[in-house]
Structure formats: C-alpha cells, structure tokens
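# Understanding the architecture of this molecule
Given next are the chains, with one letter for each unit.
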Amino acid sequence: MTLTSAKSLLLSITIFFSILPAPSFSFDIERSFLQCFTSGSGNSNLTSGIVFTKSSSSYNHLLQSFIRNLRFSDNSVPKPNLIVTPREILHIQNAVLCAKKHGLQARVVSGGHDYEGLSYVSDVPFLIIDLVNLRSITIDIKSDSAWIEAGAALGELYYAIAKHSKIHGFPAGTCPTVGVGGHLSGGGFGTIFRKYGLAADQIMMPRL
Ligand SMILES: Cc1cc2nc3c(=O)[nH]c(=O)nc-3n(C[C@H](O)[C@H](O)[C@H](O)COP(=O)(O)OP(=O)(O)OC[C@H]3O[C@@H](n4cnc5c(N)ncnc54)[C@H](O)[C@@H]3O)c2cc1C
C-alpha cells in the first residue's frame with residue numbers, strides 16, 4: 001500500500017466512524033429511568049401518561065406549555081431528557097430517586113413563570129417534574145385555612161376562596177397564571193401585602 005492510499009484509507013476509516021450514529025446514551029438513560037420509575041411502585045403501567053421521553057408524541061406539546069419565555073424554546077437551548085407529570089406524591093418520590101440514580105438533575109415546574117428558565121433549562125442532563133396535575137385546593141373557612149397543591153395557579157386559589165366567602169382573601173401576586181409553587185416559595189407580594197405581608201408569611205409546608 002502506498003503512503004497516499006494508506007492516508008486515504010485512514011481518512012475513510014475516520015470518516016466511516018465519524019458518520020456512524022453516536023451511541024444512544026440519551027435513549028439508554030430514558031429506558032433505564034422508565035424501568036426504575038415503574039419498579040418503584042410495582043405497577044408496569046405506571047409511566048403511561050406520567051413519564052414522557054423525547055420520543056413521546058406529547059413531549060414537545062408539554063414542553064411548550066410551560067416555556068413562558070420563548071427565548072428558551074430555541075433548538076440551541078438544552079432540553080430535558082424526560083418530563084414527569086406526577087399524579088400523586090409517590091410519583092414525585094420515584095422521579096427524584098430515579099433522577100438521582102441516573103445522574104439527572106431534577107427541575108420543578110409549577111406555573112412556569114420563571115422567565116429566566118430556571119424551572120425548565122439546565123446545562124447538565126436533567127428531567128422536569130411538572131406539577132400540572134397536582135393542583136387541588138381545599139378551603140376550610142372555619143379554620144381560615146386552605147390546603148393547596150403546588151401545581152395550582154394563583155387565579156385558581158383566588159377563585160376557590162371567592163366561591164366559599166365574600167370576605168376572605170389571600171395576600172399574593174396579581175397575575176392569575178403564576179404558579180403557587182414558585183410564587184409562595186419565593187415570597188410573593190400583591191396588592192394587600194402592606195397589611196398582610198407576603199404570601200410566604202402565611203404558609204406552612206407539610207412534612208410528608
Ligand atoms: C406575568 C408575571 C406576573 C408576575 N406577578 C407577580 C406579582 O404580582 N407578585 C410577585 O411577587 N411576583 C410576580 N411574578 C413573579 C413570580 O411570582 C415568580 O416568577 C414565581 O417564581 C413564578 O412561579 P411559577 O410557579 O409560576 O414559576 P416556575 O417557573 O414554575 O417556578 C419558579 C421557580 O420556583 C421553583 N419551583 C416551582 N414550584 C416548586 C415547588 N413545588 N417546589 C420547589 N421549587 C419549585 C422552580 O424550580 C423555579 O426555580 C410575576 C411573574 C410573571 C411572569
């Protein structure tokens with residue numbers, strides 16, 4: 001073999017390897033995560049409608065639904081390997097444990113109003129826990145209290161209170177689509193905060 005043909009063979013080998021599809025690291029993680037998630041409950045159908053991989057038909061729709069700052073929709077911005085939409089606390093526990101096992105960072109989305117994208121962008125491989133299905137609100141006027149799941153929106157909370165009472169309210173922000181999870185954990189000020197303080201001054205986090 002001449003030097004030239006050896007060089008061209010080397011080049012063609014190099015090209016041959018470089019155009020082969022990269023090993024599907026992402027696919028392996030997703031498959032293994034799904035196994036981990038289901039084994040946490042012993043129910044093999046558990047992931048259906050709850051865990052969405054990049055190949056799920058609903059993945060893009062779901063992702064776009066909480067990306068409020070469209071700058072982060074761009075293809076150059078890293079996207080989550082998985083989106084988990086828990087329907088009960090067990091699903092959150094499974095998602096966190098399996099994320100840790102697979103070296104995935106977990107990001108939590110409540111109302112998606114973090115315009116810096118903290119709830120749905122990361123520089124390392126990650127998954128999103130989207131609380132969209134955990135938004136129940138139970139009002140107890142007798143004890144002047146309410147139990148709110150973190151995926152509820154402020155507008156839903158105000159509406160639920162108004163349905164029970166004409167004289168009760170809750171001191172929080174003005175935008176009805178802001179999520180309770182991000183708003184209450186970050187302070188939360190609104191039109192009656194001079195008298196009643198921040199939303200965070202009025203809440204208790206349950207120990208689970
Ligand atoms: C249009 C608009 C109007 C606004 N009006 C007001 C206002 O009147 N008063 C005011 O105080 N603020 C206001 N804000 C700011 C808003 O309160 C914050 O951006 C808040 O963090 C948004 O919460 P979210 O759940 O909607 O956002 P997300 O993007 O879902 O979450 C925000 C942050 O909280 C974290 N997070 C969310 N849920 C949880 C959870 N359950 N557990 C742990 N971490 C969680 C996320 O990971 C992220 O880091 C406004 C924002 C917008 C865009």
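The paragraphs below set out a description of the structure included in this document. Just so it is clear, the model here is predicted, and its values are computed rather than measured.

### Considerations on the sheet that holds strand E2 (residues 82–84)
With respect to topology, 4 strands assemble into an open sheet ordered E1-E2-E4-E3, the strand pairing being mixed. A strand with exactly one partner marks an edge of an open sheet, and here the two such strands are strand E1 (51–53) and strand E3 (105–109). Taking each pair of neighbouring strands and ignoring which way they run, the sheet shows an average axis angle of 20°. In the sheet, E3 pairs with strand E4 (residues 126–130) via 5 bridges, with the strands oriented parallel. Following the sheet pairing, Ala 106 is matched in E4 by Leu 127.

### Overview of helix H4 (residues 89–101)
An α-helical turn contains 3.6 residues, so any two residues separated by three or four positions project in the same direction. Its 13 residues give H4 an end-to-end C-alpha distance of 19 Å, which sits within 8% of 18 Å, the value for a rise of 1.5 Å per residue. Directly beyond the C-terminal end of H4, a positive phi value near 65° is found at Gly 103.

### Quick notes on the packing of aromatic side chains
Summed over the entire model, instances satisfying the criterion amount to 4 aromatic pairs. Seen in terms of ring centroids, Phe 33 and Phe 37 are 6.0 Å apart; in terms of plane orientation they differ by 25°. Their pairing is stacked. Of this pair, Phe 33 and Phe 37 both sit in helix H2 (residues 25–39), 4 residues apart, which is roughly one turn of that helix. In this structure Phe 37 comes out as buried when scored by relative accessible area, which is 0%. Seen from their ring centres, Phe 72 and Tyr 120 are 6.0 Å apart, and the 70° between their planes marks the pair as edge-to-face. Taken as a pair, Phe 72 in the loop between helix H3 (59–66) and E2 and Tyr 120 in the loop between E3 and E4 lie far apart in primary sequence, 48 residues in all. Summarising the burial analysis for this pair, Phe 72 and Tyr 120 share the class buried.

### A look at the site of the ligand
The ligand sits among 22 residues. The nearest are Val 108, Ser 110, Ser 119, Gly 179 and His 183. Taking Asp 114, its main chain carries an N or O atom lying 3.0 Å from an oxygen atom of the ligand. Separating a nitrogen atom of the ligand from a backbone N or O atom of Phe 189 is a distance of 2.8 Å. Against a free-state accessible area of 960 Å², the protein chains account for coverage of 70% of the ligand. Looking at the shell around the ligand, the elements with two or more residues in it are E3 and helix H6 (180–185). Of the residues forming the shell around the ligand, the biggest block, 3 residues, is contributed by H6. The residues that make up the shell around the ligand include at least three from each of domain 1 (25–133) and domain 2 (137–202).

### Section: the nonpolar core
Core analysis: the biggest nonpolar cluster contains 16 residues, and Phe 33, Phe 37, Val 51, Leu 82, Val 84, Leu 104 and Leu 127 have the highest contact counts within it. The set of elements that each furnish at least two residues to this core consists of H2, E2, H4 and E4. For Leu 127, the contacting residues outside a window of four places in its chain are Phe 33, Pro 80, Leu 82, Ala 95, Ala 99, Leu 104, Gln 105, Ala 106 and Arg 107. If you look at the next biggest cluster of nonpolar residues, it comprises 14 residues, including Phe 52, Tyr 59, Phe 66 and Ile 83.

Analysis parameters
- Residues numbered from 1 in each chain as written.
- Predicted model: local features only at pLDDT ≥ 70, side-chain atom pairs only at ≥ 80, totals over all residues.
- Heavy atoms only, no water.
- Pairing = 2+ DSSP bridges.
- Helix = DSSP H or I, 4+ residues; strand = E, 2+ residues; numbered from the N terminus.
- Axes fitted to C-alpha atoms, helices over the stretch in contact; angles between N-to-C directions.
- Expected span 1.5 Å × (residues − 1).
- Phe/Tyr/Trp six-rings, centres within 6.5 Å; stacked < 30°, edge-to-face > 60°.
- Buried < 20%, exposed > 50% of the residue type's maximum accessible area, 1.4 Å probe, protein only.
- Near = heavy atom within 4 Å.
- Polar contact = N/O pair within 3.5 Å; in protein donor to acceptor, adjacent residues only side chain to side chain.
- Areas by Shrake-Rupley, 256 points an atom, 1.4 Å probe, with all protein chains shown as cover.
- Domains from an automatic or database assignment.
- Core = buried A, V, L, I, M, F, W, Y, C linked by side-chain atoms within 4.5 Å.
- Contact = heavy atoms within 4.5 Å.

All we've got here are geometric facts, nothing functional implied.
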